[in-house]
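Each chain is listed here by its residues.
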Amino acid sequence: MSGKSLAVLGLPGSGKTTFLAALWHVVTEREIDVKLKFVTLRAGNSAHLVKIAERWRQAKSQERTATDGDQLVSMSLKAENRDPDVVVFPDLAGESFRDMWEERQCTMELATHFGSEGILLFVHADKINAPGWVADLKQQCEVLGLNYDPDGVVPWNPRLAPTQVQLVDLLQMLQSEPLDIGPRRLAIILSAWDKVRAERRSPEDYLKQELPLLFQFLNYGLDTEWSWRIYGVSAQGGDYDGDKKTSPDAEPLRNIDCPSKRIAVVYGGEESHDLTDPLCWVLGS
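This section reports on the structure supplied with the text. (Residues numbered from 1 in each chain as written. Predicted model: local features only at pLDDT ≥ 70, side-chain atom pairs only at ≥ 80, totals over all residues. Heavy atoms only, no water.)

1. What to know about the overall build of the protein chain
Stated formally: Secondary structure elements are defined from DSSP: runs of H or I of at least 4 residues count as helices, runs of E of at least 2 residues count as strands, and each element is numbered from the N terminus. Atoms counted for the radius of gyration: C-alpha only. Globule rule: 2.2 Å times residue count to the power 0.38. Residue exposure (1.4 Å probe, protein chains only): buried if accessible area is under 20% of the type maximum, exposed if over 50%, otherwise partly exposed. Contact criterion: two residues are considered in contact whenever any of their non-hydrogen atoms come within 4.5 Å of each other. Here, Shrake-Rupley sampling with a 1.4 Å probe gives the accessible areas, and only protein chains in the shown set may cover a residue. Just so you know, the count uses Lys and Arg for positive and Asp and Glu for negative, and it drops His and the chain ends. A single reference atom marks each charge: NZ on Lys, CZ on Arg, CG on Asp, CD on Glu.
Broken down by element type, the protein chain carries 10 helices and 9 strands. Here the protein chain has a C-alpha radius of gyration of 20 Å; the compact-globule value for 285 residues is 19 Å, and the two agree. Taken along its principal axes, the extent of the C-alpha atoms in the protein chain is 65 × 50 × 40 Å. Within the span of the protein chain, comprising 285 residues, buried residues form 47% of the whole. Across the protein chain, contacts joining residues at least 24 apart in sequence account for 76% of those joining residues at least 6 apart. When the accessible surface of the protein chain is totalled, it reaches about 14600 Å², and 48% of it is carbon and sulfur. Distance between charge centroids for the protein chain: 4 Å, based on 31 positive and 42 negative side chains.

Next up, the structure:
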């Protein structure tokens, strides 16, 4: 049995925990045919997985992963005609990665997770902090009847940086010592794809238009020995109920006979319900 792990990255609220909840449901319930079959849970908190999967089935939003509640899940998954792989999926708080950008530091525990040749980088397709332009701000002030002060000073904080700037910086860190381990496979997971699919853009076109700096970095700044793909993934299928609000999408989702069919994975013009597809490619299975 070979040991392979996934370095899972994503800013707060990017969909990492929802993905893991849906993945656990898909590989354990076996409602649909998938590329990677579940063999056994080798390490990790099974109660945590059961909890997040149950919230997923009930169409309830996941609770935020606290920095002191990080979970390290290790499971055996098997592709057809291959020996099982030990897949390590760290369910880490997004703040851990945001601190790398803001504080320019990385814990030894987090650095250990980056010793992997496979990376899943999560980007919430509906929560992108785009760059702000002075001309747009001036026009908005005029429309709203507000005073525009061209000499006004706004205190800057690293957290205000556009999403694509933070993500490119994280990838640059993985190409620099001490986190550089050579060639890797990188899957960009555009989560909450159901929010943007009506626009009828491919995941690659969406990234190119909405996160142009990241798209250019993938093509011209990433190590040429790295390989990458862009997936549009809807692990929920629609809006879920929160702790203090309900969503009109939640009840229809709960009524679907086969919960695994809520899932949509889009790549290369094809769509499926197989949430293991990005993992299978990243692991080289």
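2. A few points about the nonpolar core
For clarity, the threshold we go by: Joining through side-chain atoms within 4.5 Å is the link that ties buried Ala, Val, Leu, Ile, Met, Phe, Trp, Tyr and Cys residues into a set, and such a set is a nonpolar core.
With 44 residues, the main nonpolar core has Leu 6, Phe 19 and Leu 120 as its most contacted residues. Look past the residues within four positions of Leu 120 in its chain and what remains in contact with it is Leu 6, Ala 7, Val 8, Leu 9, Phe 19, Phe 89, Ala 187, Ile 189, Leu 279 and Val 282. Leu 121, Leu 190, Leu 207 and Val 266 belong to the second largest nonpolar core, which has 34 residues in total.

3. Notes on the side chain of Lys 16
Where we set the bar: We define a polar contact as two N or O atoms separated by no more than 3.5 Å, with the added condition that, inside protein, one atom must be a possible hydrogen donor and the other a possible acceptor, whereas residues neighbouring each other in sequence contribute only through side-chain atom pairs.
With respect to the secondary-structure elements, Lys 16 resides in helix α1 (residues 16–29). Judged by its relative accessible area of 6%, Lys 16 falls in the buried class. Of note is the side chain of Lys 16, whose polar atom sits 3.1 Å from the backbone oxygen of Gly 10.

4. Some points on the packing of aromatic side chains
How two aromatic rings sit relative to each other is set out by the distance from centre to centre and by the angle between their planes. Heads up, the rule is: The rule is short: rings of Phe, Tyr and Trp, with Trp giving its six-membered ring, pair when the centres are within 6.5 Å, and they are stacked under 30 degrees, edge-to-face over 60, tilted in between. A ring has a charge above it when a Lys NZ or an Arg CZ is no more than 6 Å from the ring centre and no more than 35 degrees off the ring normal.
Applying the stated criterion across every chain yields a total of 5 aromatic pairs. Look at Trp 193 and Tyr 206: their rings are 5.7 Å apart centre to centre, the planes differ by 80°, and that puts the pair in the edge-to-face class. With Trp 193 in the loop between β6 (185–191) and α7 (203–210) and Tyr 206 in helix α7, this residue pair connects regions lying 13 residues apart in the sequence. Taken individually, Trp 193 and Tyr 206 each receive the classification buried, so the pair is uniform in this respect. Here the basic side chain of Arg 262 rests over the ring of Trp 56, its NZ or CZ set 4.7 Å away from the ring centre.

5. Concerning the pairing of strand β7 (residues 227–234)
Worth spelling out the cut-off: Pairing between strands is defined by DSSP: at least two bridges between them are needed.
Bridging between β6 and β7 involves 7 bridges; their strand directions are parallel. Across the sheet, the residue bridging to Ser 191 is Val 233, located in β7.

6. Side note on the state of the cysteines
The condition that has to hold: Throughout, a disulfide means two cysteine sulfur atoms within 2.5 Å of one another.
If you walk through the whole model with that rule in mind, you get 0 disulfides. In this structure Cys 258 is not part of a disulfide, and its nearest cysteine sulfur, from Cys 280, lies 20 Å away. Overall, Cys 258 belongs to the buried group, its relative accessible area being 15%. Taking the relative accessible area as the measure of exposure, Cys 280 reaches 8% and is therefore buried.

7. Some points on the environment of Phe 38
Assignment of secondary structure puts Phe 38 in strand β2 (residues 36–43). For Phe 38, a relative accessible area of 16% gives the class buried. Through-space distance from the C-alpha of Phe 38 to that of Lys 78 is 6.5 Å; in sequence the pair is 40 residues apart. Those residues in contact with Phe 38 that sit more than four places away from it in its chain are Trp 24, Val 27, Thr 28, Arg 30, Met 75, Ser 76 and Leu 77.

8. Points about the pairing of β6
Burial within β6 is extensive, with 6 of its 7 residues counted as buried. Note: strand β5 (residues 118–124) against β6, 7 bridges, orientation parallel. From the neighbouring strand, Ile 119 faces β6, where its bridge partner is Leu 186.

9. Topic: the environment of Asp 243
Tracing the backbone shows Asp 243 in the loop between β7 and α9 (250–254). Given a relative accessible area of 66%, Asp 243 falls into the exposed group.

10. Digging into the side chain of Ser 234
By secondary structure assignment, the location of Ser 234 is in strand β7. Among the polar contacts made by the side chain of Ser 234, one reaches the side chain of Asp 194 at a distance of 2.7 Å. A polar contact of 3.0 Å, which involves the side chain of Ser 234, links it to the backbone nitrogen of Gly 237. Dropping the residues within four chain positions of it, Ser 234 is found in contact with Trp 193, Asp 194, Arg 262, Ile 263 and Ala 264.

Geometric descriptors of this kind do not, in isolation, establish any biological role.
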